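The lines below spell out each chain.
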Amino acid sequence: MKFTILATLLTCATAFTPLSPSTVSRTQLNAATSTKQDFLEATPYWDQSTVPVNTYKNKAPFTGKVVSTKRIVGPKATGETCHIIIEHEGKMPYWEGQSYGVIPPGENPKKPGKPNAVRLYSIASSRYGDDMTGNTASLCVRRATYWCPELKADDPAKKGICSNFLCDSGPGDEVAMTGPSGKVMLMPEEDPKTDLIMVATGTGIAPYRGFIRRLFNENTPAAEAYAGEAWLFLGVANSDALLYDDEWQEAKSNPTAAGGKLRLDYALSREAENKKGGKMYIQDKVEEYADEVFTKLDNGAHIYFCGLKGMMPGIQDMLKEVCEGKSIDYDEWLGGLKKNKQWHVEVY
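From a predicted model like this one, the values you see are computed outputs, not experimental measurements.

Undergrad: Looking at this structure, how should I read the sheet that holds strand 7 (residues 136-142)?
TA: What links the strands of a sheet is backbone hydrogen bonding, and the strands pair in either a parallel or an antiparallel sense. Spatially, six strands are ordered 6-3-10-1-2-7 in an open sheet, and the strand pairing comes out antiparallel. Only two strands of the sheet have a single neighbouring strand rather than two, namely strand 6 (119-122) and strand 7. For this sheet, the mean inter-axis angle between neighbouring strands, taken without regard to orientation, is 40°. As judged from the four bridges shared by strand 3 (residues 99-103) and strand 10 (residues 174-181), these two strands associate in the antiparallel manner. Across the sheet, the residue bridging to Ile 103 is Ala 176, located in strand 10.

And the structure:
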């Protein structure tokens, strides 16, 4: 019996071909399984009381295996970003908006003899994974490099330990993983009419890919019921640095059965100008629609921020300025959003 099970697993592993993260359509996703995508749902599907947390911890991590690694930015992008699919055998279930920890191989340079510290990465797939089996998870990782002013180039002696490990990984490579962790970025699915405002810089797009696939690309209970507007703001340097644009465009053309829709706005800092003639950063793009954003929040929308922590001062300064123009007390307004759990922030 053991040999039969092993042979079956090996056959499945050999036959598995992941769907490309840049070419997946709703038709392909639905064809990946003969039934509705509902086998990983809670009862009812929006109940968050059973969200998995810390299934695997630092001292006893899970060993995942890389299925594929793909560069997903163009040649003129600022840096390299990769989409990495990892097999977890269904043993590390997660929900959209959660993160995995990755322990890169080698010793911790600050603690000789100890393993490297855990790095957290927002999961960039729905709970069903890119192949819809519930056995994989995807990460969106930007290779971290360090500019040397003397060399006037990236210093090869200094580089991100974990991001380089992941971006250089290939099929079959092992990855020590912890988690899943976090509940801050979960979607509020109990009221399917809830609008979502998703603000991201760079790889901060990761959790929103899980949101959008769940609502617009998969045959889930959430997708069937969703009747709100999911509004994505993405800030990157240029067009070559846009992430998953083909997926967003397809999702825009796929409203849900209940009337839910995706809306999309980009802030390209090196290709567009803000109203003052400066570079178009993410806060400038959100400000263009400030009246509509504030109205949605007043009506119960949830707003999410994910990306580099340097994005938040500009965002908060902009929101304060808008509040002043509307004669709104910013601290009271923000406090109300936080009290109602409409404000979600995950920056790094």
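Undergrad: Can you walk me through helix 8 (residues 290-298) in this structure?
TA: In an α-helix there are 3.6 residues to a turn, and that puts residues three or four apart on one side. Regarding helix 8, the residues found buried are Ala 290, Val 293, Phe 294, Lys 296 and Leu 297. Along the axis of helix 8, the buried positions cluster into a sector of 160°, meaning they face one direction only. With respect to the buried face of helix 8, the exposed residues turned more than 90 degrees away are Asp 291 and Asp 298.

Undergrad: What is the right way to read the nonpolar core from this model?
TA: Side chains of a nonpolar character, in soluble globular proteins, are inclined to be buried together. One finds Ile 205, Tyr 208, Leu 232, Trp 248 and Leu 262 to be the most contacted residues of the largest nonpolar core, which totals 36 residues. Contributing elements (two or more residues each) for this core: strand 11 (196-201), helix 4 (206-217), strand 12 (229-236), helix 6 (245-252), strand 13 (261-268) and strand 14 (302-307). Residues within four places of Ile 205 in sequence aside, it is in contact with Cys 140, Ala 200, Leu 232, Leu 234, Leu 243, Tyr 244 and Trp 248. Formed by 27 residues, the second largest nonpolar core is a distinct cluster that contains Val 199, Leu 297, Phe 305 and Trp 333.

Undergrad: Just to check I follow, could you spell out the sheet that holds strand 12 for this structure?
TA: The sheet built from five strands is open, its strands ordered 13-12-11-14-15 with parallel pairing. One side of each edge strand has no neighbouring strand; the edge strands of this open sheet are strand 13 and strand 15 (343-347). Looking at each pair of strands side by side, their axes are set apart by 10° on average, direction ignored. Here strand 14 runs beside strand 15; their pairing, made up of five bridges, is parallel. Its bridge partner lying in strand 15, Cys 306 is registered against Glu 346. Strands strand 12 and strand 13 of the sheet are contacted by helix 6, whose axis makes an angle of about 145° with strand 13. Helix 8 rests against strand 11, strand 12, strand 13 and strand 14 of the sheet, and its axis sits at about 135° to strand 12.

Undergrad: Looking at this model, I keep getting lost on the environment of Gly 129. Mind explaining?
TA: Summarising the element assignment, Gly 129 is placed in the loop between strand 6 and strand 7. In sequence terms Gly 129 and Glu 87 are 42 residues apart; their C-alpha atoms lie 9.2 Å from each other. Among all residues touching Gly 129, those that are not within four sequence positions of it are Tyr 94, Thr 136 and Arg 213.

Undergrad: Mind showing me how you'd approach the state of the cysteines here?
TA: Throughout this description, disulfide means a covalent bond between two cysteine sulfur atoms. Counted by the stated rule, this structure contains zero disulfides. A disulfide-free cysteine, Cys 82 has its sulfur positioned 3.8 Å from the sulfur of Cys 167, the nearest such atom. For Cys 82, a relative accessible area of 2% puts it in the buried group. For Cys 167, a relative accessible area of 7% gives the class buried.

Undergrad: Sorry if this is basic, but what is going on with the confidence of the model for the chain here?
TA: Mean pLDDT for the chain: 90, with 87% of residues reaching 70 or above. Below a pLDDT of 50 lies the segment residues 1-20, which in the model reaches 12 contacts outside its immediate sequence neighbourhood of four places, other chains included. Across residues 22-26, where pLDDT falls below 50, the model places 15 contacts with residues more than four positions away in sequence or in other chains.

Undergrad: Explain the environment of Trp 46 here, please?
TA: Tracing the backbone shows Trp 46 in the loop between helix 2 (26-31) and strand 1 (62-71). Taking the C-alpha atoms as reference, Trp 46 lies 5.0 Å from Glu 189; in sequence the two are 143 residues apart.

Undergrad: Any chance you could explain the side chain of Gln 37 here in plain terms?
TA: Inspection of the secondary structure puts Gln 37 in the loop between helix 2 and strand 1. Separated by 2.6 Å, the side chain of Gln 37 and the backbone nitrogen of Asn 219 make a polar contact.

About the thresholds
- Residues numbered from 1 in each chain as written.
- Predicted model: local features only at pLDDT ≥ 70, side-chain atom pairs only at ≥ 80, totals over all residues.
- Heavy atoms only, no water.
- Pairing = 2+ DSSP bridges.
- Helix = DSSP H or I, 4+ residues; strand = E, 2+ residues; numbered from the N terminus.
- Axes fitted to C-alpha atoms, helices over the stretch in contact; angles between N-to-C directions.
- Buried < 20%, exposed > 50% of the residue type's maximum accessible area, 1.4 Å probe, protein only.
- Arc of directions from axis to C-beta.
- Core = buried A, V, L, I, M, F, W, Y, C linked by side-chain atoms within 4.5 Å.
- Contact = heavy atoms within 4.5 Å.
- Disulfide = S-S within 2.5 Å.
- pLDDT = per-residue confidence, 0-100.
- Polar contact = N/O pair within 3.5 Å; in protein donor to acceptor, adjacent residues only side chain to side chain.

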